[in-house]
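# Results of the structural survey
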Amino acid sequence: MLLLIPGPVQTRPELRAVMGQDIAPWDNDFRPVYAGIRDRVRDLAGGGAETHATLPLQGCGHFMVEAAVRTYTAPGARILIPMNGAYASRMERLVRECGRVPVPLPVPDTRPVTGEEVAAALAADPGIGHVAMVYSETGSGIINDPAEIGAAVRNAGRRMILDAVSAFGALPLDLGVQPEIDVMVFTSGKCFEGMPGIGFAVARIDRTVASAGNAGSWCFDLSDVYTHALRNSWGSFRFTPAVQALNAFAMALELHAAEGGQAARLARYQENAKLLYDGALSLGLTPYLERKHQGPVIVTIHQPADRAFALQAFVDALKSRGVLISNFHNTQAPTMRIGAIGAVTATDIKFAVEAIGATLDAMGISRREAA
Ligand SMILES: *Cc1c(COP(=O)(O)O)cnc(C)c1O
């Protein structure tokens, strides 16, 4: 099966093979593997050994976003969120349920937020301490630019939390030149093409130390993850992790480096996304985004107007041809979402586009313009 969803993604067989071992997380053979992952991740994010630390947690991206919000902001803090997609909406809910105050900045889910918009919102509300932003909006496929938004945040003397869950590993990020970013978070199962199960934060050490006591949660306190590492070594996890997934992540980092790192991975995903975008047009379908706003992570396509189209039936029929896409959409208009990330190449995407065309034909979908 070809998995074309924006996480968990298609993985390589040598990575899956690493999962087939029983290991103990605290074993002295494994500790250096975990400590090495933390160093490597910090380096890839542009963090310095003196300034930044990798602070992992068990679990998924939402857990990391919650941990970031809880750790780096105090209860009652006002947090500006550019609202251009489904993951921004999830962030708004997380922020509220953590007892912080989300300040939504309305932006359509078809384009990135601009530095001017963020600067204006910050100028209008001096009580806002942090901007929390989604880098790659996996709802629609747009990309918000952390360099541009970060500059606006820095100029306003505020701080930033970055959800880089479906971005980091493929899209560029250099924390070394963005001191306004307290923390960025991502997971093992997206652009690093690892197994799901481990979340990562890369955070400023000074802010992590200064934030002790904010979290109101032991499990989600990244400052506690930091002090635990100081006390018990960088090879020690606080509670039992998905250790096989963590071990496989070391292989994922090796495969990432062997491919040529972030730039090479971005180039492959960009080609995948372009083939999907062009393929949709060639089949008479309408992509959701203008080409200039189409990111490399996920391509969303308007569901066809034809009365014979139903998303779940289409997804099932396409699956019988060997391609699995999402069976839900979370754009403002009804769409199909197709992942461009994972261990997939142009050959796989061409196969998928043919399968999509054959499925539409077999279902008798002739009116293919946007519903
Ligand atoms: C995938 C994703 C998440 C987290 O999803 P989980 O299902 O909790 O792993 C958060 N933000 C973005 C932008 C994502 O793409």
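As the structure is a prediction and not an experimental result, all values here were calculated from the model. (Residues numbered from 1 in each chain as written. Predicted model: local features only at pLDDT ≥ 70, side-chain atom pairs only at ≥ 80, totals over all residues. Heavy atoms only, no water.)

Looking at the ligand, the residues that line it are Cys-60, Gly-61, His-62, Tyr-87, Val-134, Ser-136, Thr-138, Asp-163, Val-165, Ser-166 and Lys-190. In the environment of the ligand, a nitrogen atom lies 2.7 Å from a nitrogen or oxygen atom belonging to the side chain of Asp-163. With respect to the ligand, the side chain of Lys-190 contributes an N or O atom lying 2.8 Å from an oxygen atom. Of the residues contributing to the shell around the ligand, the split by class is 4 nonpolar, 5 polar and 2 charged. (Near = heavy atom within 4 Å. Polar contact = N/O pair within 3.5 Å; in protein donor to acceptor, adjacent residues only side chain to side chain. Nonpolar A, V, L, I, M, F, W, Y, C, P; charged D, E, K, R; others polar.)

Turning next to the packing of helix H11 (residues 311–319) against helix H12 (residues 346–362). Packing of H11 against H12 brings their axes to within 9 Å, and their N-to-C directions diverge by 125 degrees. Classified by the interaxial angle, the pair formed by H11 and H12 is oblique. Between H11 and H12 lies a crossing of right-handed hand. Along its contact with H11, which presents Phe-314, Ala-317 and Leu-318, the element H12 presents Ala-355, Ile-356, Thr-359 and Leu-360. Residue classes in the contact of H11 with H12 are distributed as 6 nonpolar, 1 polar and no charged. (Axes fitted to C-alpha atoms, helices over the stretch in contact; angles between N-to-C directions. Helix = DSSP H or I, 4+ residues; strand = E, 2+ residues; numbered from the N terminus. Parallel < 35°, antiparallel > 145°, perpendicular 65-115°, else oblique. Left-handed = near helix turned anticlockwise from the far one by under 90°. Contact = heavy atoms within 4.5 Å.)

Here the focus is the environment of Ser-211. Note on placement: Ser-211 falls in the loop between helix H7 (205–210) and helix H8 (222–232). The buried category is assigned to Ser-211, whose relative accessible area is 3%. With 10 residues separating them in the primary sequence, Ser-211 and Asp-221 have C-alpha atoms 9.4 Å apart. Setting aside residues no more than four positions away along its own chain, Ser-211 makes contact with Thr-71, Tyr-72 and Ser-223. (Buried < 20%, exposed > 50% of the residue type's maximum accessible area, 1.4 Å probe, protein only.)

What follows concerns the packing of helix H5 (residues 115–124) against helix H6 (residues 146–155). Interaxial distance between H5 and H6 falls to 8 Å at its minimum, and their mutual angle equals 25 degrees. It follows from the interaxial angle that H5 and H6 lie roughly parallel. Seen along the crossing, H5 lies across H6 with a hand that is right-handed. Contact residues: H5 offers Gly-115, Glu-116, Val-118, Ala-119 and Leu-122, while H6 offers Glu-148, Ile-149, Ala-152 and Val-153. Residues that form the contact of H5 with H6 fall into these classes: 6 nonpolar, 1 polar and 2 charged.

This brings us to the UniProt feature "domain: Aminotransferase class V" (unreviewed entry) in the protein chain. Residues given the UniProt feature "domain: Aminotransferase class V" (unreviewed entry) here are residues 32–341. For the annotated span residues 32–341, helix accounts for 39% and strand for 18% of the residues, and the straight-line distance between the end C-alpha atoms is 29 Å. (UniProt positions renumbered as here; feature names shortened; annotations may be inferred.)

Scanning the entire structure with this criterion turns up 11 aromatic pairs. A ring pair is formed by Tyr-34 and Phe-237, whose centres lie 4.9 Å apart and whose planes are at 25 degrees; its orientation type is stacked. Note that Tyr-34 is positioned in helix H2 (residues 31–44) and Phe-237 in the loop between H8 and helix H9 (243–259), a separation of 203 residues in sequence. Aromatic rings pair up to connect Phe-168, Phe-186, Phe-192, Phe-200 and Phe-249 into one cluster. (Phe/Tyr/Trp six-rings, centres within 6.5 Å; stacked < 30°, edge-to-face > 60°.)

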